[in-house]
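Summary of structural features
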Amino acid sequence: EVSYSQSTGQKEQLSRCLQRGIRRVQDLCKVLQLPRVFEETAVSYFQRALQHPSFHLVSLEKKELLAGCCVFVTCRQHNWPVTMGTICSLLYAKQELFASVYLSLQKELELSVPALSLADLVKTHLNSFRLFQRAADVPARFVEDKEKMVARTMQIVELASETWLVTGRHPVPIVTAAAFLSWQSLQPAARLTCTLARFCKVAGVDLPPPAHLRLKELLEILLRMASQLAWLRVFNVDKKTVVKHIGDLLQHRIFLLKNAFCLEDGEEQRAAAPGEGSPGSPPAAGGAAQEEGCSSEGKRQHEGGRRPLLPPCLINPRKRLRTAAPSPSDSAITGDEPISDREIEQYLRGPEEIRAFRKAKAW
């Protein structure tokens with residue numbers, strides 16, 4: 001007989017945790033219909049992760065998420081458009097916990113993971129739509145050419161990226177809202193009355209909860225761009241009718257974005273008052289111009305004037321909770337207040353200790 005410490009380990013059996021994790025990785029790859037090479041790479045990452053000391057003492061929940069993280073890393077490395085939310089929904093996991101395990105896996109194994117390509121994600125997401133072939137449960141007016149819809153959706157997603165609507169957000173709601181707008185704009189006469197919820201239902205895809213907010217933000221950007229087109233100023237363009245002109249807006253989007261938004265507040269103020277601060281103007285007139293500029297600033301914002309192109313979190317910041325004022329009972333003396341060193345010396349030291357302390361201090 002050969003002792004365990006002297007064995008080569010070739011006939012060792014895999015632990016239950018490793019076997020369960022490998023099966024979970026294989027099941028995820030089957031559900032996502034990934035190639036065989038992806039499955040082998042994800043399994044090897046999972047085996048390396050379990051052998052790393054950083055993952056020896058983690059909880060069972062994190063070890064289960066580790067399998068999903070290995071699949072997610074493999075998809076990213078092979079430029080396979082799968083989002084973190086998709087893996088979390090398959091594992092019934094919280095995105096915050098999944099993200100922490102993913103970052104630790106990437107750090108400990110020193111894996112290089114490229115960023116997700118929005119173009120590939122748009123194509124993959126639109127492949128799941130049932131709007132490109134005639135079917136019994138899909139009305140004829142809902143059917144659209146796939147290439148046209150993908151091309152226009154890509155243009156709207158690029159516009160959203162240029163206007164800070166993509167940064168730091170889940171991409172699927174933005175792609176869903178962009179696909180809805182592109183689908184409406186290709187045949188606006190027959191599709192303007194269709195809602196986003198009905199569109200997703202007929203297309204056979206889930207409606208992400210933030211998609212309504214992303215749609216509202218995209219329409220606001222399009223309305224600001226439409227206000228800069230001369231031939232659209234004669235029409236009463238609103239959030240419904242602006243969809244008819246999406247093709248023209250996307251064609252001239254660089255020029256329209258530059259005119260619809262300003263880079264800084266100072267540029268707008270200097271453009272509004274070009275003669276302000278000149279050497280020949282008196283100080284009183286300069287002060288009056290400043291007051292007029294301040295009073296009309298809110299009016300220009302209300303009328304749809306130029307504003308800085310900023311992220312939505314800066315334009316509409318969340319309200320901060322007010323801290324409650326301290327009550328009289330909180331300010332009352334409880335006996336737990338900090339005590340100064342002089343008071344400690346006065347109460348804890350006797351006369352003999354004080355004399356000894358003085359001698360020691362004099363020395």
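The protein is annotated in an unreviewed UniProt entry as BRF2 factor of Smutsornis africanus. Per UniProt, the protein has the following entry under Sequence similarities (unreviewed entry): "Belongs to the TFIIB family."

Quick word on the side chain of Arg191
Following the sequence through the fold, Arg191 ends up in helix α9 (residues 188-191). Under the relative-accessibility criterion, Arg191 is labelled buried at 0%. There is a polar contact of 2.8 Å between the side chain of Arg191 and the side chain of Glu144. With residues near it in sequence (within four places) discarded, Arg191 still touches Arg141, Phe142, Val143, Glu144, Trp183, Gln184 and Leu186.

Digging into the pattern of salt bridges
Overall, the coordinates contain 8 salt bridges when judged by the stated rule. When the shortest N-O distance is used, the salt bridge between Arg36 and Glu39 registers 3.1 Å. Here Arg36 and its partner Glu39 are both found in helix α2 (residues 36-51), 3 residues apart, which amounts to about one turn of the helix. Between Arg169 and Glu217 there is a salt bridge, with the nearest N and O atoms lying 2.7 Å from each other. In this pair, Arg169 is assigned in the loop between α7 (146-162) and α8 (171-186) and Glu217 in helix α11 (residues 211-226), connecting sequence segments 48 residues apart.

Focus on the nonpolar core
Grouped together as the largest cluster of nonpolar side chains are 52 residues, with contacts concentrated most on Phe129, Leu131, Met149, Leu181, Phe199, Leu222 and Leu249. Of all the elements in the fold, those that place two or more residues in this core are α6 (118-127), α7, α8, α10 (196-203), α11, α12 (246-251) and α13 (253-260). In this structure, Leu34, Phe72, Val82 and Leu109 belong to the second largest nonpolar core, which totals 36 residues.

Re the side chain of Glu144
Looking at the secondary structure, you find Glu144 in the loop between α6 and α7. On the basis of relative accessibility, which here comes to 9%, the residue Glu144 falls in the buried class.

A few points about the environment of Thr124
As for its placement among the helices and strands, Thr124 is situated in helix α6. The class for Thr124 is partly exposed, based on a relative accessible area of 35%. Considered as a pair, Thr124 and Trp80 are 44 residues apart in the sequence and their alpha carbons are 9.0 Å apart. Separated by 2.9 Å, the side chain of Thr124 and the backbone oxygen of Asp120 make a polar contact.

Points about the packing of α6 against α8
Close contact between α6 and α8 brings their axes to 10 Å; oriented N to C, the two are set at 65°. The element α6 and its partner α8 pack so that their crossing is right-handed. Contacts between α6 and α8 involve Leu118, Leu121, Val122, His125 and Leu126 on the former and, on the latter, Pro171, Val172, Val175, Thr176 and Ala179. The residue inventory of the contact of α6 with α8, partitioned by class, reads 8 nonpolar, 2 polar and no charged.

Looking at helix α3 (residues 60-77)
For α3, spanning 18 residues, the distance from its first C-alpha to its last is 26 Å, which sits close to the expected 26 Å at 1.5 Å a residue. Just beyond α3, the residue with positive phi is Asn79, at close to 55°.

Conventions and cut-offs
Residues numbered from 1 in each chain as written. Predicted model: local features only at pLDDT ≥ 70, side-chain atom pairs only at ≥ 80, totals over all residues. Heavy atoms only, no water. UniProt positions renumbered as here; feature names shortened; annotations may be inferred. Helix = DSSP H or I, 4+ residues; strand = E, 2+ residues; numbered from the N terminus. Buried < 20%, exposed > 50% of the residue type's maximum accessible area, 1.4 Å probe, protein only. Polar contact = N/O pair within 3.5 Å; in protein donor to acceptor, adjacent residues only side chain to side chain. Contact = heavy atoms within 4.5 Å. Salt bridge = Lys/Arg side-chain N within 4 Å of Asp/Glu carboxyl O. Core = buried A, V, L, I, M, F, W, Y, C linked by side-chain atoms within 4.5 Å. Axes fitted to C-alpha atoms, helices over the stretch in contact; angles between N-to-C directions. Left-handed = near helix turned anticlockwise from the far one by under 90°. Nonpolar A, V, L, I, M, F, W, Y, C, P; charged D, E, K, R; others polar. Expected span 1.5 Å × (residues − 1).

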